[in-house]
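Overview (structure and organization)
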Number of protein chains: 2
Amino acid sequence: MQNIIIASTSTIHGGSYLDYLIEELKELYKNTSSIVFVPYARPNGISHDNYTDKVRHVFSKIDIDVKGLHEFPNPIEAITEAPGIFTGGGNTFVLVNQLYKNKLIKPIKDSVDKGTPYLGTSAGSNICGLTMNTTNDMPVVYPESFKTLGLVPFNINPHYLDPESNSKHMGETREMRIAEFHTFNTQPVIGIREGSWLKVNNNTIILKGKLNARIFEHGKLPYEIEPKTDLSQLY
Amino acid sequence: MQNIIIASTSTIHGGSYLDYLIEELKELYKNTSSIVFVPYARPNGISHDNYTDKVRHVFSKIDIDVKGLHEFPNPIEAITEAPGIFTGGGNTFVLVNQLYKNKLIKPIKDSVDKGTPYLGTSAGSNICGLTMNTTNDMPVVYPESFKTLGLVPFNINPHYLDPESNSKHMGETREMRIAEFHTFNTQPVIGIREGSWLKVNNNTIILKGKLNARIFEHGKLPYEIEPKTDLSQLY
């Protein structure tokens, strides 16, 4: 029953906000004329109002009304009754912190599992995984837990970045960080490159976009999968 | 009474482990012939034993014996009685998680405040700040708290990295991440570039090495400070 887009990023280099996904969004939200936007991740500390305005502007082009979750007196009720949900990117710690404060983890999961169409970008994609332990974000606040929606049976690493061979910086590569994650955790991680997304529908989880994704399974060497691969058997 | 080195990194490009700091370490540990090494940050998941062996090898060159904190039956007692402490880099979440599990935050702080010489590199430097909210690491485990030692009155951002002007990756720059931190927190953050360190001694906090550091104060534009600047008045 799930109908989900888990996108690496909202904006690809040289493009504008969500433009590369517009056809997918028309399809995702084809049975609704309004959605609830979750602005909690607050990229660069933007206000909930300003973030929602930005999203409203883009969705107006495909005739979908947007209401910010912060505009509702009862956010749990708003999620339960939402005809569609979009959680935008920003800081995953800030997002998850606010979701726990407002007791929204279970309501969102229940709503999406019942078929409410869901779009996540970046931080909004991270929370589709089992936990937020593979976010790239700075831990600027301390959320009640790192457990997230578990809409898919693995973790997400959005904005997946290949190592830069000529860098002199001694920090870890993304691949080294995910290997560290697997020292302490066993679930698979999907590294989704910018411009790619997962489409969850009819019990399949299909990689879409032009690029491969990188799969990290506990105890195995990382490997690449091509667009159109179904990841629903990955546990 | 504090006598601390807070280093951005253990290893600079083209160098070997701790080699650029050797003269500083001779000075820091001049009154002791042995130190306790805290291997908890486990870079790339390395074992406590292997990590300690690596450190032991380097310190043998300056005639200092190294014992791993994990080798002691009572870690609190080991810290309290340590003639010198070194906390190595790795993953700050893993480090802080283990420090809380073993109830070591206060014992380390008390020991260092009483004058026990302390070296931190990378994650071991992060914990010298008020909180670990400005770490660059992936949150692979969930520690009991993000509060850290508070040996200095600000936060540390080690491996500070300037924006890459020709990058096509749409992720945040380090400066944007720290700005996000200041949406939710007010303490200053010191971005220490690789090859630089802070020397804390006689109530001064001096920037050392060849590079400037970048200072982020809440509500101000970021600015640069030069080597030899004293940061002890920064709150």
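For the structure itself, consult the block above.
Residues numbered from 1 in each chain as written. Chains lettered and ligands numbered in written order. Predicted model: local features only at pLDDT ≥ 70, side-chain atom pairs only at ≥ 80, totals over all residues. Heavy atoms only, no water.

Residues and elements named next belong to chain A. Under the counting rule described, the total for this entry stands at 24 salt bridges over all chains. One salt bridge connects Glu 224 with Arg 193, and the closest N-O pair in it is separated by 2.9 Å. Linking Glu 224 in strand β11 (residues 223–225) with Arg 193 in the loop between β7 (189–191) and β8 (197–201), this pair joins segments that are 31 residues apart in sequence. Within the structure, one salt-bridge network assembled from shared partners comprises Asp 162, Glu 175, Arg 193, Arg 214 and Glu 224. (Salt bridge = Lys/Arg side-chain N within 4 Å of Asp/Glu carboxyl O. Helix = DSSP H or I, 4+ residues; strand = E, 2+ residues; numbered from the N terminus.)

Moving on, we come to the sheet that holds strand β6 (residues 155–157) of chain B. All names here are of chain B. Judged by pairing direction, the sheet is mixed, and its four strands sit side by side in the order β6-β7-β10-β11 without closing on themselves. At either end of the open sheet lies a strand with only one pairing partner, and these are β6 and β11 (223–225). Averaged over all pairs of adjacent strands, the angle between strand axes in this sheet comes to 30 degrees, irrespective of strand direction. The pairing of strand β10 (residues 213–216) with β11 spans three bridges and is classified as antiparallel. Opposite Ile 215, over in β11, you have Tyr 223 as the bridge partner. (Pairing = 2+ DSSP bridges. Axes fitted to C-alpha atoms, helices over the stretch in contact; angles between N-to-C directions.)

Now for the interface of chain B and chain A. On the side of chain A, 47 residues touch chain B, which itself brings 47 residues to the contact. Note on chain B versus chain A: buried area summed over both sides is about 3,800 Å², and carbon and sulfur give 58% of it. Connecting chain B to chain A are zero salt bridges. Taken together, the links from chain B to chain A amount to 17 residue pairs in polar contact (both at pLDDT 80 or more). When residues of the side of chain B that touches chain A are traced back to their parent elements, those giving at least two are α4 (92–101) and α7 (174–184) of chain B. Tallying contributions element by element places α7(B) first for the side of chain B that touches chain A, with eight residues. Each residue belonging to the side of chain B that touches chain A can be placed in one class, and the counts come to 18 nonpolar, 19 polar and 10 charged. (Contact = heavy atoms within 4.5 Å. Buried area = accessible area lost by both parts, 1.4 Å probe. Polar contact = N/O pair within 3.5 Å; in protein donor to acceptor, adjacent residues only side chain to side chain. Nonpolar A, V, L, I, M, F, W, Y, C, P; charged D, E, K, R; others polar.)

Further remarks concern the environment of A:Ile46. Residues and elements named next belong to chain A. Here Ile 46 lies in the loop between β2 (34–38) and α2 (48–60). Of the residues examined, Ile 46 reaches a relative accessible area of 26% and is grouped as partly exposed. Taking the C-alpha atoms as reference points, Ile 46 and Gly 90, separated by 44 residues in sequence, lie 9.1 Å from one another. (Buried < 20%, exposed > 50% of the residue type's maximum accessible area, 1.4 Å probe, protein only.)

Residue and element names in this part refer to chain A. What the seven strands build is an open sheet, ordered β3-β2-β4-β5-β1-β8-β9; its pairing is mixed. Of all strands in the sheet, those with a lone pairing partner are β3 (65–68) and β9 (204–208), marking the two edges. Across the sheet, the axes of successive neighbouring strands diverge by a mean angle of 20 degrees, strand direction being ignored. As paired elements, β2 and β3 share four bridges and run parallel to each other. Along β3, the bridge assignment pairs Phe 37 with Gly 68. Those strands touched by α2 are β2, β3, β4 (85–87) and β5 (118–121), and its axis lies near 170 degrees from that of β3.

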